Amino acid sequence: MQLSLGFDVPPTPMTGPASTARTGPDRRIVLSGDPCEYHLRRARRRTIGFQIDDRGLTVSAPRWVSLRDIETAIIEKERWIRSRLEQWRQWRAKRRLPQVRFADGGKLPFLGAEITLRLRADLRASELAAGTCGDELRLALPPEADEAQVRDAVQSWLKEQARRVLEDRLIDLSTRNAVSFSAWALSSARSQWGSCAADGRIRLNWRLIHFALPVIDYVVAHELAHLKELNHGPEFWRQVARLLPGFEAARDHIRNEDLSTLPL
C-alpha cells in the first residue's frame with residue numbers, strides 16, 4: 001500500500017537559507033502545533049509529490065524548488081497528509097506488517113528461512129555465515145551503526161543476492177525448456193512480482209529473494225510463459241505447467257502475499 005499525491009508548483013528562485021535544503025529522512029515541520037517528520041527527495045520531476053508508506057511521509061521535489069516552498073506545500077496539504085498517515089497506521093495494524101529491527105540481532109526472511117543480523121566492524125564486506133542459532137547475515141558495520149545504515153546495508157546485500165539467484169533460475173528454467181528471453185532486469189515495483197514485455201524483456205522483483213526457491217521458480221516460469229502467451233488464458237497456464245510441473249502450490253502461496261507488507 002502506497003498513498004501518493006502530486007501537484008504542480010510554480011518555480012521560485014532558491015535564495016537565502018532555503019537553498020541549503022538537505023536531502024534526508026530527518027526533516028521536521030510543525031503542523032498545527034505537532035511535529036511531523038518527513039524524508040525529502042530531490043528528483044527530476046515537474047511537481048512536488050507526497051507519498052505515504054512504511055517510512056512515513058516522503059516528499060519528492062524538483063531540484064529548483066526551495067525548502068520554503070516545499071514546506072509551504074506541506075502545510076497546504078496538511079489535511080491530506082494527516083488523513084493518509086492515519087489510514088496507513090490503521091492499514092498497517094490490520095495487515096500486521098512484519099517488523100524487522102534493523103540492528104544487531106534483528107531477524108529477516110531470506111530464501112524462505114530466517115536469518116539473524118549481526119554487525120561486525122572487522123569485516124570488509126557483508127557475508128552470510130552459519131551462527132550458533134542458524135544462519136547470520138554479518139554486515140560490515142560498527143556496533144554503533146544507526147538503523148538507516150543497517151537498513152541500507154541489508155537492502156544492498158539482498159539486491160546482490162537477488163540478482164545472482166534470479167538470473168540463475170531464469171537461465172536454468174529457460175535453458176531446460178528451450179525458451180529464450182531477450183534481456184532481464186531487477187524491479188523494485190510495489191505492485192507486481194514480475195513482468196514480461198512483448199520484445200522478450202523480463203523484469204523480476206528483487207524482493208522475491210525473501211521467498212523459498214519453489215516460489216521464485218513459479219514467478220520466473222510465469223514470466224517465461226508470457227513469452228508465448230501475453231495473457232492469462234488456458235494456453236498460458238499450459239505453458240506454465242510445461243515450464244514448471246506442479247507449480248500450483250507455489251502460485252497459491254504467493255497469491256496470499258502482499259508486496260507492500262514485506263520489510264524492505
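For the structure, check the block above.
Residues numbered from 1 in each chain as written. Predicted model: local features only at pLDDT ≥ 70, side-chain atom pairs only at ≥ 80, totals over all residues. Heavy atoms only, no water.

1. What to know about the sheet that holds strand 12 (residues 201–205)
What the three strands build is an open sheet, ordered 10-12-11; its pairing is mixed. Across the chains shown, the open sheet's two edge strands, defined by having one partner strand only, are strand 10 (183–187) and strand 11 (194–196). Each neighbouring strand pair of the sheet contributes to a mean axis angle of 15°, computed without reference to strand direction. Sheet topology note: the strand 11/strand 12 ladder contains three bridges and is antiparallel. Looking at the pairing, Ser-195 lines up with Arg-203 of strand 12. Helix 3 (residues 147–176) rests against strand 10 and strand 12 of the sheet, and its axis sits at about 145° to strand 10. Strand contacts of helix 4 (residues 213–225): strand 11 and strand 12, with the helix running at about 155° to strand 12, the strand carrying the most contacts. (Pairing = 2+ DSSP bridges. Helix = DSSP H or I, 4+ residues; strand = E, 2+ residues; numbered from the N terminus. Axes fitted to C-alpha atoms, helices over the stretch in contact; angles between N-to-C directions. Contact = heavy atoms within 4.5 Å.)

2. Focus: the pattern of salt bridges
Taken as a whole, this structure holds 15 salt bridges when the rule is applied. One salt bridge in this structure joins Asp-122 and Arg-120, with 3.0 Å as the shortest N-O distance. According to the relative accessible area criterion, Asp-122 is exposed, its value standing at 54%. A salt bridge links Asp-252 to Arg-251; its shortest N-O distance comes to 3.4 Å. With relative accessibility at 36%, the residue Asp-252 sits in the partly exposed group. When its relative accessible area of 16% is taken as the criterion, Arg-251 is described as buried. The network of salt bridges with shared partners includes Asp-168, Arg-169, Asp-172, Arg-176 and Asp-217. (Salt bridge = Lys/Arg side-chain N within 4 Å of Asp/Glu carboxyl O. Buried < 20%, exposed > 50% of the residue type's maximum accessible area, 1.4 Å probe, protein only.)

As far as function goes, none of this settles anything; it's purely spatial.
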